[in-house]
Amino acid sequence: MKKLFIVLALASISLSSMAQDDPTLKYSVATNSFWSNWFIQVGGDFNSFISSEEHGRGFNNGDHFGLFAGERTNIGGALAIGKWFTPGLGLRTKVQVLKGKKIDSPDPDDFDYWIANEQVLFNLSNMLLGYNPNRVWNFIPFAGGGMARNMSANRYAMDLNVGLLNEFRLSRKVALNLEIGWNRLEPDFDGNTISGKRGWEAKDNNLYAELGLTFNLGKASWDKVPDIDAINALHQSQIDALNAQLNDAYNESGRYKKLYEEEKNKQPEKVYVKEFVGTPVSVFFNIDKTNIASQKDLVNVQGIAKYAIDNNLGLLVTGYADSATGSVERNQWLSEERAKTVAEELVKIGVNRDKIQTAAAGGVDELSPISFNRRATVMVNK
């Protein structure tokens, strides 16, 4: 028994040093739902029963009745169901069905019994090294308590239980188990009674080694907690983009207001003055669009179109994009399409298509604000 505790202590020290070597694996995980991270375990046991009556009577001395001698060992089976509440902490309900040997004479008698325990599991691999879904070996000490029944002698007893579970990952859903444990039962569980002993000698004891499988049910992994700083940075970038759009909308509103005032104060009889000959008329577009932003822009286009028709003149339509947004290729395409859009409007008004010439200037930075550069101009082509 002392050797068992020494092994557990050395393994814990080894895991602690491993954790210090690789701190990068540690990160927080999000809590899963109640129905996640359940598991079922099945296994076969090789166990040794040491009764309280043996101590001081000579039956455990020498090779004949040694701690793991054949006269006291037997086999059994185990079934457990449990759940991990965090990567490092879980609960398990385990039932072992065993066959023991009552050593009260040189000729041992067999008896059948079962032990049911509720156990707390501590996954030290995850606690010390951090959660890793692909880790091959998980080191899991456990402790608990429960009750046992000797079916041959019809006796019940309370018990305490400690042990070590080693899980070796075979796949996402299956692991191989190697477990050792100690069940400390109330005295006289095997049907014999001798009083006056204390500690280890006053209790019946079961030592076992178990080989089995773990089957993970449903979701068996844990998700990393989202990076709050990254989410905040993303939100801030979205807010900045919205502010930029609001600024553009504000500038467009000012432009429309100015155009409205100019249109309201315009004298109709001045539409056909010779200023049309040298002054271009602008039609504006929204960002990355090729359709005219406002039909009000076509009022001046109608004036210059009528002037060209009446005087049998040609028109030059030039498209532009703002160089502050988009690639060079995208802006060239936008300027070409905007010129075509305005040219089609001139044809609808009545200008002969042969009298219309189009050009594309690509992305420019001629006007302020930048939204004013998203335009097409119409002027008389001398």
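Residues numbered from 1 in each chain as written. Predicted model: local features only at pLDDT ≥ 70, side-chain atom pairs only at ≥ 80, totals over all residues. Heavy atoms only, no water.

J.: Can you walk me through the overall build of the chain in this structure?
T.: If you tally the helices and strands in the chain, you get 5 helices and 12 strands. Counting only residues that meet the buried cut, the chain has 38% of its 382 residues in that class. The long-range fraction of contacts in the chain, counting pairs at least 24 apart against all pairs at least 6 apart in sequence, stands at 72%. (Helix = DSSP H or I, 4+ residues; strand = E, 2+ residues; numbered from the N terminus. Buried < 20%, exposed > 50% of the residue type's maximum accessible area, 1.4 Å probe, protein only. Contact = heavy atoms within 4.5 Å.)

J.: Would you mind showing me how to read the sheet that holds strand S4 (residues 109–122) here?
T.: Pairing between the strands of a sheet comes from backbone hydrogen bonds, and it takes one of two forms, parallel or antiparallel. Ordered by their spatial adjacency, 8 strands build a closed barrel running S1-S2-S3-S4-S5-S6-S7-S8, and the pairing between neighbours is antiparallel. For this sheet, the mean angle separating the axes of adjacent strands, direction not counted, is 25°. Pairing between strand S5 (residues 137–150) and strand S6 (residues 155–169): 14 bridges, direction antiparallel. Bridge assignment links Pro 141 to a residue of S6, and that residue is Leu 164. (Pairing = 2+ DSSP bridges. Axes fitted to C-alpha atoms, helices over the stretch in contact; angles between N-to-C directions.)

J.: Please clarify how the sheet that holds strand S9 (residues 281–284) should be interpreted in this entry.
T.: Across the sheet, 4 strands lie side by side as S9-S12-S10-S11; this open sheet has mixed pairing. Lying at the two open borders of the sheet, with one neighbouring strand each, are S9 and strand S11 (356–364). Mean inter-strand twist for the sheet, computed between neighbouring axes without regard to direction, equals 20°. Here 7 bridges tie strand S10 (residues 314–322) to S11, and the two strands are oriented parallel to one another. The partner of Ala 321 across the bridge, within S11, is Gly 363.

J.: Whenever I open this one, the side chain of Asn 150 confuses me. Can you help?
T.: Take Asn 150: it is sitting in strand S5. A distance of 2.9 Å separates a polar side-chain atom of Asn 150 from the backbone oxygen of Phe 189. (Polar contact = N/O pair within 3.5 Å; in protein donor to acceptor, adjacent residues only side chain to side chain.)

J.: Would you mind showing me how to read the pattern of salt bridges here?
T.: Two side chains carrying opposite charge are able to pair once their charged atoms lie near each other. Using the criterion set out here, one finds 12 salt bridges in the structure. Two residues, Lys 219 and Asp 223, come together in a salt bridge whose shortest N-O distance is 2.7 Å. Two residues, Lys 348 and Glu 345, come together in a salt bridge whose shortest N-O distance is 3.6 Å. Of this pair, Lys 348 and Glu 345 both sit in helix H5 (residues 328–349), 3 residues apart, roughly one helical turn. Here the residues in one salt-bridge network are Arg 92, Lys 94, Glu 179 and Glu 210, joined through shared partners. (Salt bridge = Lys/Arg side-chain N within 4 Å of Asp/Glu carboxyl O.)

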